[in-house]
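Next come the chains, spelled out residue by residue.
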There are 2 protein chains.
Amino acid sequence: MDYQQQLVSLLGEDRVTTNPTVLVHHSHDESYHTPHLPDVVVFPQTAAEVSAILKLANEKRIAVTPFGLGTSLEGHAIPYAGGISMDFSLMNQVLEVRPQDFLVRVQPGVTRTQLNRELKKHGLFFSVDPGADATLGGMAATNASGTTSVRYGVMRDQVRDLEVVLADGRIIHTGSMTAKSSSGYHLTGMFVGSEGTLGVFTELTLRVYGIPEVTMAARASFPTVQDAVDTVVDILGAGIQVARIELVDERSIRQVNLYKETSYPENPTLFIEFHGSEQSLAHDIEFAQTIATEHGCTQFLFETDSKARAVLWDARHNLAYAFVHKSPGKKMMVTDVCVPFSELAGAVVDARQAIDRSGLDGAVLGHVGDGNYHAIVMIDVHDPEEMARAEALNAHLVEYALGRGGTCTGEHGVGVGKVKYQRKEHGAALDVMRSMKQVLDPNGILNPGKIFDK
Amino acid sequence: MDYQQQLVSLLGEDRVTTNPTVLVHHSHDESYHTPHLPDVVVFPQTAAEVSAILKLANEKRIAVTPFGLGTSLEGHAIPYAGGISMDFSLMNQVLEVRPQDFLVRVQPGVTRTQLNRELKKHGLFFSVDPGADATLGGMAATNASGTTSVRYGVMRDQVRDLEVVLADGRIIHTGSMTAKSSSGYHLTGMFVGSEGTLGVFTELTLRVYGIPEVTMAARASFPTVQDAVDTVVDILGAGIQVARIELVDERSIRQVNLYKETSYPENPTLFIEFHGSEQSLAHDIEFAQTIATEHGCTQFLFETDSKARAVLWDARHNLAYAFVHKSPGKKMMVTDVCVPFSELAGAVVDARQAIDRSGLDGAVLGHVGDGNYHAIVMIDVHDPEEMARAEALNAHLVEYALGRGGTCTGEHGVGVGKVKYQRKEHGAALDVMRSMKQVLDPNGILNPGKIFDK
């Protein structure tokens, strides 16, 4: 009996498919990376089923690539070695909300907006917001973050426990329900961000927060990127608890104005959000405005009402669309490096110059409280010359960051796109990572080709 | 040439010693665990020297136990297999302060108060406060935390990068200077808390914070432990940013009153500290007081002035001394479990009853924002019957926590004291930890007997 027939005997015919449409759906993500078909797609419903599938795959040396919703930007979910695409859409239950513990237990296929709908009933919310409505399993696998990590931390900071199925079918729990522990090695932290290369998640226990009493949003324009970044440094240094603080460069604001027929000041702009009580926010926003003014801020607007806040942040939200709209038929490449704070202003200016030099068009925006910034460029993936220019731009940004104590990916993960920079970034530590991979997945069946060369 | 002579040829005679007084100094820590002499103590000054020592030890199969200041509470620094005690007192330089990056680079022998003296010049502070003036290398090795982790996180949250020397002498860097990264496996998180069993730290890059504009302290008394814990849940749920929130039980307050001839209300008491701006704190403290009153708070006092704050927290600070004073010649056993929030009130009540049942005398206090609590009991380590009762008490508290989603150590680490609970807590995950140890330290030279049975 071949392995696909064995999969059918494990899961039944309904949950094992080679339907071409389904294979195509599991052949790509949201990135510009080349698609590749899996040989078969499976839809497990329990950890025991995942374990049985992995045991079989391990024995037969079949590659297994976990698949959430395919929102990855670095090709994580693309099964380049063929084999099994393991789809978690049937493991999408919020298993338990523990309001007094500020914890929730979920299956990996739950999306963040689905979770937040459930949490809202309890006055709680899940903090990590990468933009896309990704699955929590996928977000943990890539250590996703986004606009709110300056206040609440990244995905790794929210995960208290993972149920993980190892390549040989063993099922382990990596943590506990406690806020902290000094017991044993921090396996939770190691599996978060392991991109499906060390094990497959079947359950996550996540930290959640009380919905803030009040949310305020602000938008501030500055003469230069340096002024904007200096403002951020002073705001954070003063201990003002911003929930989000985003930088958008002037070229990008101009594109939004063209696309939306708006008239935002075409300057480097900070988009800020504050979470707290009414009184403490009133003080925080006044303090932030004073700091911004000291750094030459030319316009500082703020709103509390949810609709008015959305209007204020509209330019930030429309940024990607403004460029997509301008480039029908092209795909978006989103670069993703992170540098120490002190390097950020220079890095953003350099990124803008590098885009301009490349002849491509695009935006520069940053989760500026983290030193994490993106260049978004539209590329024709069928034009080798344009692809080469985009790759060269990406390489330039990575080299710039690595040369300044930075990292080649702040939040999107390595996938296939950043494999080539791993040795330069990690040096001899990459060998330690490889030895972890070797000991947990000796046959190399788990998402091969991701993080490491095959 | 025997290995001790080889050590002399590597480091010179001044930095290799078998002086009996020095050996005794490196044979114990602050715990009740039985001391054991090393065969030799070395004082490296550079990562290259550490590497050379480890290469030699690895080749000759000599145990190496890192030693900071010996403030461990679970026997981490005790060299039970003899061999080399590696003392980091000559690697005690603050190498670089990067104020704009909120980062500092230090050698492992720097103590936290030494670091804070240096940081103060820049308006910065290092947040982790385990009580003892431990070295930062030791604090990273045990994933230490303490009173401030409710606001700023534990040691693991502060470490951006480690320079680690592996058992075979390889020198790696585990991270970068950035606030976040999704590049490769999270080795930093795995080495933090590895208790010298996976590698030896020779440099740490740590996150630091701006000194808050204002610090306020409060003390609140409650009719029951449950009322106090409910207050904590509501304060944290409301998003009030407490910097510290400590619970002390009524028996402990009574002991302080006896020792200091004070007249604190002999009730379960919360000690709270707030960091922020004057206006936001005024609001926060008013809000916290309202919540406390709703839960039956009988006395709520607060102070801003640094001297008055110290007076207000005096009972908390004197707690251990009050019991030590009462029990001359005895040693202190500090238990250290952590439970999910919702289990905390029950756990603290249970801990008090368990102490009373044991016939030992002691305090219960908790880092209540984390669900982490300690029983402090005074024991005569030469009285086997009293030791047995203390061990039974410790075992009871661990079983209680593990049965409720907790951990056997919130912040002190496994050392030798919690080895026997590792299988129960981690199940099959312990085998994964062992395989990490096996691959990085195949000869088992690094701090043998800690975390795992030998």
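Residues numbered from 1 in each chain as written. Chains lettered and ligands numbered in written order. Predicted model: local features only at pLDDT ≥ 70, side-chain atom pairs only at ≥ 80, totals over all residues. Heavy atoms only, no water.

1. Observations concerning the overall build of chain A
Scanning chain A from terminus to terminus reveals 18 helices and 19 strands. Taking 22 Å as the expected radius of gyration for a compact globule of 454 residues, we find that chain A reaches 22 Å, a close match to that expectation. Expressed along its principal axes, the backbone C-alpha trace of chain A runs to roughly 70 × 55 × 40 Å. Going through the 454 residues of chain A one by one, you find that 63% of them count as buried. Long-range contacts, defined here as pairs at least 24 residues apart, represent 72% of the contacts in chain A between residues at least 6 apart. On chain A, roughly 15700 Å² of surface is accessible, and the fraction owed to carbon and sulfur atoms is 50%. Averaging the positions of the 39 positive and the 55 negative side-chain charges in chain A gives two centres separated by 3 Å. (Helix = DSSP H or I, 4+ residues; strand = E, 2+ residues; numbered from the N terminus. Rg over C-alpha atoms; globule rule 2.2 N^0.38 Å. Buried < 20%, exposed > 50% of the residue type's maximum accessible area, 1.4 Å probe, protein only. Contact = heavy atoms within 4.5 Å. Areas by Shrake-Rupley, 256 points an atom, 1.4 Å probe, with all protein chains shown as cover. Lys, Arg positive; Asp, Glu negative; His and termini not counted. Charge placed at Lys NZ, Arg CZ, Asp CG, Glu CD.)

2. Re the sheet that holds strand 1 (residues 16–17) of chain B
All names here are of chain B. A sheet is described by the order of its strands in space; here 4 strands give the open sequence 1-2-4-3, paired in mixed fashion. Across the chains shown, the open sheet's two edge strands, defined by having one partner strand only, are strand 1 and strand 3 (64–67). Against the sheet, helix 1 (residues 3–11) touches strand 1, strand 2 (40–42) and strand 4 (84–87), its axis set at about 20 degrees to strand 2. (Pairing = 2+ DSSP bridges. Axes fitted to C-alpha atoms, helices over the stretch in contact; angles between N-to-C directions.)

3. Brief notes about unusual backbone geometry
All names here are of chain A. We note that Glu 195 has phi near 55 degrees; this positive angle belongs to a residue other than glycine. The class of Glu 195 is buried, set by a relative accessible area of 2%. A positive phi angle is found at Glu 261, which is not glycine, with a value near 55 degrees.

4. Focus on the relation of the copies chain B and chain A
For the pair chain B and chain A, the relating rotation is 180 degrees, the translation along its axis is 0.0 Å, and the fit reaches an RMSD of 0.0 Å. On this basis, the relationship between the two copies can be described by a two-fold rotation axis. When C-alpha positions in chain B are compared against the rotation axis, the closest is assigned to Ser280(B), at 2.2 Å. Interface residue correspondence from chain B to chain A reaches 100%, placing this contact among same-surface, isologous pairings. (Least-squares fit on C-alpha atoms with pLDDT ≥ 70 in both.)

5. Quick word on the environment of Ala388(B)
Following the sequence through the fold, Ala388(B) ends up in helix 16 (residues 384–402). Put simply, Ala388(B) and Ser358(B) are 30 residues apart on the chain and 10.0 Å apart in space, counted from C-alpha to C-alpha.

6. Focus on the domain arrangement of chain A
Residue and element names in this part refer to chain A. The domain architecture assigned to chain A consists of domain 1 (3–89), domain 2 (94–210), domain 3 (214–319) and domain 4 (327–429). For domain 2 versus domain 4, the separation of C-alpha centres amounts to 27 Å. For the pair domain 2 and domain 4, the summed buried area comes to about 560 Å², and 40% of that belongs to carbon and sulfur atoms. Applying the counting rule to domain 2 against domain 4 returns 0 salt bridges. (Domains from an automatic or database assignment. Buried area = accessible area lost by both parts, 1.4 Å probe. Salt bridge = Lys/Arg side-chain N within 4 Å of Asp/Glu carboxyl O.)

7. Thoughts on the interface of chain B and chain A
Contacts between the two partners involve 83 residues from chain B and, on the opposite side, 83 residues from chain A. Approximately 6200 Å² of surface area, both sides summed, lies buried where chain B meets chain A, with 59% of it carried by carbon and sulfur atoms. Contact with chain A buries area across many residues of chain B, yet Lys180(B), Ser182(B) and Tyr185(B) alone supply 16% of it, more than any other trio. Counting every contact that joins chain B to chain A gives 4 salt bridges. Notably, a salt bridge pairs Lys180(A) with Asp370(B), separated by 3.2 Å at the nearest N-O pair. Sorting the residues of the side of chain B that touches chain A by element identifies helix 6 (149–152), helix 7 (155–158), strand 9 (171–173), helix 8 (187–191), helix 9 (225–237), helix 11 (278–294), helix 17 (422–426) and helix 18 (429–440) of chain B as the ones contributing at least two each. The leading source of residues in the side of chain B that touches chain A is helix 18 of chain B, at 9 residues.

8. Regarding the pairing of strand 12 (residues 214–221) of chain A
All names here are of chain A. Burial analysis of strand 12 places 8 of its 8 residues in the buried class, the great majority of the element. Side-chain alternation along strand 12 places Val 214, Met 216, Ala 218 and Ala 220 on one buried face and Thr 215, Ala 217, Arg 219 and Ser 221 on a second face that is also buried. Alignment of strand 12 against strand 15 (residues 299–303), held across 5 bridges, turns out to be antiparallel. Among the inter-strand pairings, Ala 220 is bridged to a residue of strand 15, identified as Phe 300.

9. Notes on the packing of helix 9 of chain B against helix 15 (residues 344–358) of chain B
All names here are of chain B. Contact geometry of helix 9 with helix 15 gives a least axis separation of 9 Å together with a crossing angle of 145 degrees. By crossing handedness, the relation of helix 9 to helix 15 is classed as right-handed. Of helix 15, the residues touching helix 9 (which contributes Val 225, Gln 226 and Val 229) are Leu 344, Ala 345, Val 348 and Val 349. Taken together, the residues of the contact of helix 9 with helix 15 break down into 6 nonpolar, 1 polar and no charged. (Left-handed = near helix turned anticlockwise from the far one by under 90°. Nonpolar A, V, L, I, M, F, W, Y, C, P; charged D, E, K, R; others polar.)

10. Here's the deal with the side chain of Ser27(B)
Residues and elements named next belong to chain B. Mapped onto the elements, Ser 27 comes out in the loop between helix 2 (20–25) and strand 2. Among the polar contacts listed, one links the side chain of Ser 27 to the backbone oxygen of Val 24, at a separation of 2.6 Å. If sequence neighbours within four positions are ignored, Ser 27 has contacts with Pro 35, His 36, Leu 37, Pro 38, Ile 78 and Pro 79. (Polar contact = N/O pair within 3.5 Å; in protein donor to acceptor, adjacent residues only side chain to side chain.)

11. Some details on the packing of aromatic side chains
Counting across every chain of the model gives 14 aromatic pairs over all chains. Consider the rings of Tyr185(A) and Phe452(B), whose centres lie 5.6 Å apart with planes at 75 degrees: the pair is edge-to-face. One end of the pair, Tyr185(A), is in the loop between strand 9 (171–173) and helix 8 (187–191); the other, Phe452(B), is in the segment after helix 18, on a second chain. In terms of burial, Tyr185(A) and Phe452(B) fall into one category: buried. An aromatic cluster of three or more residues is present, and its members are Phe125(A), Tyr152(A) and Tyr209(A). For the cation-ring pair, Arg404(A) lies above Tyr400(A), with the distance from its terminal atom to the ring centre recorded as 3.6 Å. (Phe/Tyr/Trp six-rings, centres within 6.5 Å; stacked < 30°, edge-to-face > 60°. Lys NZ or Arg CZ within 6 Å of the ring centre and 35° of its normal.)

12. As for the sheet that holds strand 9 of chain B
Residues and elements named next belong to chain B. One open sheet holds the 5 strands; their spatial order is 5-6-10-8-9, and the pairing between them is antiparallel. The two strands at the open ends of the sheet, each matched to only one other strand, are strand 5 (94–98) and strand 9. On average, each strand axis in the sheet is tilted by 10 degrees relative to the strand beside it, whichever way the strands run. Across 3 bridges, the pairing between strand 8 (residues 159–165) and strand 9 is antiparallel. By the bridge assignment for strand 9, Glu 163 is matched with His 173.

13. Focus: the pattern of salt bridges
All names here are of chain A. On inspection of all chains with the given rule, the structure shows 52 salt bridges over all chains. The closest approach of N and O atoms between Lys 330 and Glu 386, which form a salt bridge, is 3.0 Å. Within this pair, whereas Lys 330 is found in the loop between helix 14 (319–326) and strand 16 (331–334), its partner Glu 386 is found in helix 16 (residues 384–402), the two being separated by 56 residues in sequence. You can call Lys 330 partly exposed: its relative accessible area is 34%.

14. Remarks on helix 15 (residues 344–358) of chain A
An ideal rise of 1.5 Å per residue puts 21 Å on 15 residues; helix 15 of chain A measures up with 21 Å between its terminal C-alpha atoms. Its buried side turned inward, helix 15 of chain A meets helix 9 (225–237), strand 13 (242–248), helix 10 (250–260), strand 18 (362–367), strand 19 (372–379) and helix 16 of chain A. (Expected span 1.5 Å × (residues − 1).)

15. As for helix 11 of chain B
Here helix 11 of chain B contains 17 residues, and its C-alpha end-to-end distance of 25 Å stays within 8% of the 24 Å for a straight helix at 1.5 Å per residue. Every buried residue of helix 11 of chain B is accounted for by Ser280(B), Leu281(B), His283(B), Asp284(B), Ile285(B), Ala288(B), Ile291(B) and Ala292(B). Packing partners of the buried residues in helix 11 of chain B comprise helix 11 (278–294) of chain A together with strand 12 (214–221), helix 9, strand 14 (269–276) and strand 15 (299–303) of chain B.

16. Brief notes about the nonpolar core
Residues Phe191(A) and Phe191(B) are the most contacted members of the largest nonpolar core, which totals 195 residues. Discounting chain neighbours no more than four positions away, the residues touching Phe191(B) are Ala140(B), Leu162(B), Val164(B), Leu166(B), Ile172(B), Thr174(B), Leu198(B), Gly199(B), Phe201(B) and Leu440(B). (Core = buried A, V, L, I, M, F, W, Y, C linked by side-chain atoms within 4.5 Å.)

17. Observations concerning the pairing of strand 13 of chain A
All names here are of chain A. The buried fraction of strand 13 amounts to 7 of the 7 residues, a majority that puts the element mostly inside the structure. Summarising the sheet, strand 13 and strand 14 (residues 269–276) pair through 6 bridges and their orientation is antiparallel. Pairing of Glu 246 across the sheet is with Phe 271, part of strand 14. Summarising the sheet, strand 13 and strand 18 pair through 3 bridges and their orientation is antiparallel. In the strand pairing of strand 18, Leu 247 is matched with Gly 366.

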